Amino acid sequence: MTLAAAGGELAGVGRSGSLFLLADVAHLFAHVGIFAVLAMPAARRPGPRERATTVVVLAIVLAIAAGIIVTSARALASERAGPHAAVLLLSLLGLGANTLTAWLFRAPAASLASFRAALVHELADAMITVAGLLGAGAIACFGWWWVDPGLGLAVGGWLTVWALRLLGRGQPAPRGGGDPRR
């Protein structure tokens with residue numbers, strides 16, 4: 001579902017150049033890497049393979065976030081008109097993927113800290129998408145062209161903070177039996 005949503009949104013990016021959709025596509029692709037980490041067999045302590053995979057995924061997320069931030073800042077500086085507001089409705093695909101994933105993570109989140117963290121992240125992503133849909137309304141009603149790159153900056157900033165926070169821990173959250181506050 002996540003890959004299908006990213007593909008649908010990517011088609012909209014190709015037609016519109018929406019920076020918010022581009023940011024959401026990049027974020028959805030990063031989720032695929034996160035899902036790979038979550039699919040690894042649970043262990044009492046994270047092993048070297050899980051740590052290495054997590055660091056690689058987070059480095060890719062940081063590179064994506066930097067690209068989104070630079071592109072969005074350039075669009076704001078150039079004052080170029082954004083996409084038609086209707087194209088941002090494609091972000092409903094991402095919202096569907098986030099909602100379905102959160103629903104699927106609810107059972108393992110009851111006992112695994114890594115799934116609890118992923119569940120919270122999916123719900124936060126859904127809220128960012130709702131903000132994007134409100135932004136589409138602002139573009140349609142008021143012609144505020146800057147909303148699209150502004151939302152791109154917000155998503156890029158969110159990705160950066162999230163990835164740096166996880167990298168700062170030095171290891172992924174423990175799975176099963178670990179302290180759920182980590």
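Everything discussed here concerns the structure shown above.
Residues numbered from 1 in each chain as written. Predicted model: local features only at pLDDT ≥ 70, side-chain atom pairs only at ≥ 80, totals over all residues. Heavy atoms only, no water.

Engineer: I would appreciate a short explanation of the overall build of the protein in the present structure.
Structural biologist: For the protein, the helix and strand inventory stands at 6 helices and 0 strands. N-terminal to C-terminal, the α/β element order of the protein is α-α-α-α-α-α. By the burial criterion, 42% of the 182 residues in the protein qualify as buried. Of all intrachain contacts in the protein linking residues separated by at least 6 positions in sequence, the fraction that spans at least 24 positions is 79%. As displayed, the protein has an accessible area near 9,000 Å², and 71% of this comes from carbon and sulfur atoms. (Helix = DSSP H or I, 4+ residues; strand = E, 2+ residues; numbered from the N terminus. Buried < 20%, exposed > 50% of the residue type's maximum accessible area, 1.4 Å probe, protein only. Contact = heavy atoms within 4.5 Å. Areas by Shrake-Rupley, 256 points an atom, 1.4 Å probe, with all protein chains shown as cover.)

Engineer: Help me understand helix α2 (residues 19–39), please; the structure alone is not making it clear to me.
Structural biologist: The end-to-end C-alpha distance of α2 is 30 Å, a good match for the 30 Å that 21 residues give at a rise of 1.5 Å each. In terms of burial, α2 is a largely internal element, 15 of the 21 residues being buried. (Expected span 1.5 Å × (residues − 1).)

Engineer: Before we go on, may I ask you to explain helix α6 (residues 147–169) in this structure?
Structural biologist: Residues that lie three or four places apart on an α-helix share one face, since the helix turns once every 3.6 residues. Look at α6: 33 Å from first C-alpha to last across 23 residues, which is about the 33 Å you get at 1.5 Å a residue. Residues V147, D148, P149, L151, G152, V155, G156, L159, W162 and A163 constitute the buried set of α6.

Engineer: How should I be thinking about the packing of aromatic side chains in this particular structure?
Structural biologist: Each aromatic ring pair is described using two quantities: the centre-to-centre distance and the angle formed by the ring planes. Counting across every chain of the model gives 4 aromatic pairs. Aromatic side chains F35 and F105 sit 5.8 Å apart centroid to centroid with 85° between the ring planes, which places their arrangement in the edge-to-face category. One end of the pair, F35, is in helix α2; the other, F105, is in helix α4 (residues 91–109), and 70 residues separate them in sequence. Arranged with centres 4.7 Å apart and planes meeting at 25°, the rings of F142 and W144 form a pair that is stacked. Exposure remark for F142: the relative accessible area of 56% places this residue in the exposed category. Take W144: its relative accessible area is 36%, and that puts it in the partly exposed class. Cluster of aromatic residues (ring-pair linked, three or more members): F35, F105 and F115. (Phe/Tyr/Trp six-rings, centres within 6.5 Å; stacked < 30°, edge-to-face > 60°.)

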